[in-house]
Amino acid sequence: MIKLLDIRQKFTNIRELVEQRVSDTYLLKYIETPIIDEDKLLILVSIMERLELSYSDMQTYALSTMLIQIALDTHEHISDASVDEKNRQLTVLAGDYFSGLYYKLLADSDDILMIKALSQGIKEVNENKISVYKNEITSIEELMTSIIRIECSLLLRLSEYFKVDIWNEFLENLFLFKRLLNEKSQFMKTGSSVLFEALKKIVFPINTTNLDEFSFEQKSHLFKYCDQYLEKTRVFIENRLEQLPYLNELLENRIISFLNLYQPNVKTFVEEG
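Computed from a predicted model, the values in this text were never measured in an experiment.

Q: Go over the overall build of the protein, please, and point to the residues and values.
A: Counting secondary structure elements, the protein contains 11 helices and 0 strands. If you list the helices and strands of the protein from N to C, you get α-α-α-α-α-α-α-α-α-α-α. A total of 273 residues make up the protein; the buried ones form 51% of that total. Taking the contacts inside the protein whose residues are at least 6 apart along the sequence as the reference set, 70% of them involve residues at least 24 apart. Surface exposure of the protein reaches about 13,700 Å², of which carbon and sulfur atoms provide 50%.

Q: Please set out helix α2 (residues 38–49) residue by residue, giving values where relevant.
A: Residues three or four positions apart in an α-helix share a direction because the helix packs 3.6 residues into each turn. Here α2 spans 16 Å end to end across 12 residues, near enough to the 16 Å set by a 1.5 Å rise per residue. Within α2, 11 of the 12 residues are buried, leaving the element largely enclosed by the surrounding structure. Along α2, the residues classified as buried are D39, K40, L41, L42, I43, L44, V45, S46, I47, M48 and E49. The backbone nitrogen of D39 lies 3.1 Å from a side-chain oxygen of the residue at the head of α2, namely D37.

Q: Run through the packing of aromatic side chains, naming residues and quoting values.
A: Per the counting criterion, the structure on display carries 10 aromatic pairs. Between Y61 and F162, the aromatic rings sit 5.5 Å apart at their centres with planes inclined by 70°, giving edge-to-face as the arrangement. Taken together, the positions of Y61 in helix α3 (residues 55–76) and F162 in the loop between α6 (140–161) and α7 (168–190) put the pair 101 residues apart, joining distant regions of the chain. Accessibility classification places Y61 together with F162 in one group, the buried group. On the basis of an interplanar angle of 70° and a centroid distance of 5.1 Å, the ring pair of Y161 and F162 is categorised as edge-to-face.

Q: Outline the side chain of S159, listing residues and values.
A: In this structure, S159 sits in helix α6. Classification of S159 as buried rests on a relative accessible area of 1%. Setting aside residues up to four positions removed in sequence, S159 forms contacts with V164, D165 and N168.

Conventions and cut-offs
- Residues numbered from 1 in each chain as written.
- Predicted model: local features only at pLDDT ≥ 70, side-chain atom pairs only at ≥ 80, totals over all residues.
- Heavy atoms only, no water.
- Helix = DSSP H or I, 4+ residues; strand = E, 2+ residues; numbered from the N terminus.
- Buried < 20%, exposed > 50% of the residue type's maximum accessible area, 1.4 Å probe, protein only.
- Contact = heavy atoms within 4.5 Å.
- Areas by Shrake-Rupley, 256 points an atom, 1.4 Å probe, with all protein chains shown as cover.
- Expected span 1.5 Å × (residues − 1).
- Polar contact = N/O pair within 3.5 Å; in protein donor to acceptor, adjacent residues only side chain to side chain.
- Phe/Tyr/Trp six-rings, centres within 6.5 Å; stacked < 30°, edge-to-face > 60°.

Next comes the structure, spelled out in structure tokens:
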């Protein structure tokens, strides 16, 4: 195990740096506070901790990656913004602003190969978002692959850059599991979900009924597919967890905590119904 105190302190310090960079007083009057994916940040810190990087370089790489992740996430939430046109425009500008911070950081570091790696990741994220949102996907396996690319492409390109792609398959399963959990929870609470909308188009291709008006049986059918992948990824994560070369107690506890959030559909959705 890596010493917990060192990891926790570095993680906390870098998270605070990210928070400082995205806390623009004017923008926060009109858009939701940007969400920092702490799981991705913790993965980044855990990987880089064992690469003999200087703390300065670790900060630059982690901060750059999280800023572009926040930019991508902010642009994705444009459709959820207030109907106020000013709000929508500011949400777009916020995403562009965070992107600009990312480009400046990497430009100052003069790390051309890192810029190239992250640029490839950005391209993959955006291409797969288009496929999912435009309902261009025709199979469930293809949908899950696109969700993995959306969630993981930045991390995958970084792990390849650092020559630690032994992490890649684990990261794909971990963040697919996390995204499926979030989409399932959102659908159960609100009746809407990007992933379940895409699932509906695949499973019920000629059904024009709105997703929130689906019958209990139809929703159960969609949940069944989601749970199949949740169970598959859960088993993979549990089997591989102890084999990770850069595992630390903080990361292990975090992974276990959201594995424990999963309850099979038969226990959750039936109770809701």
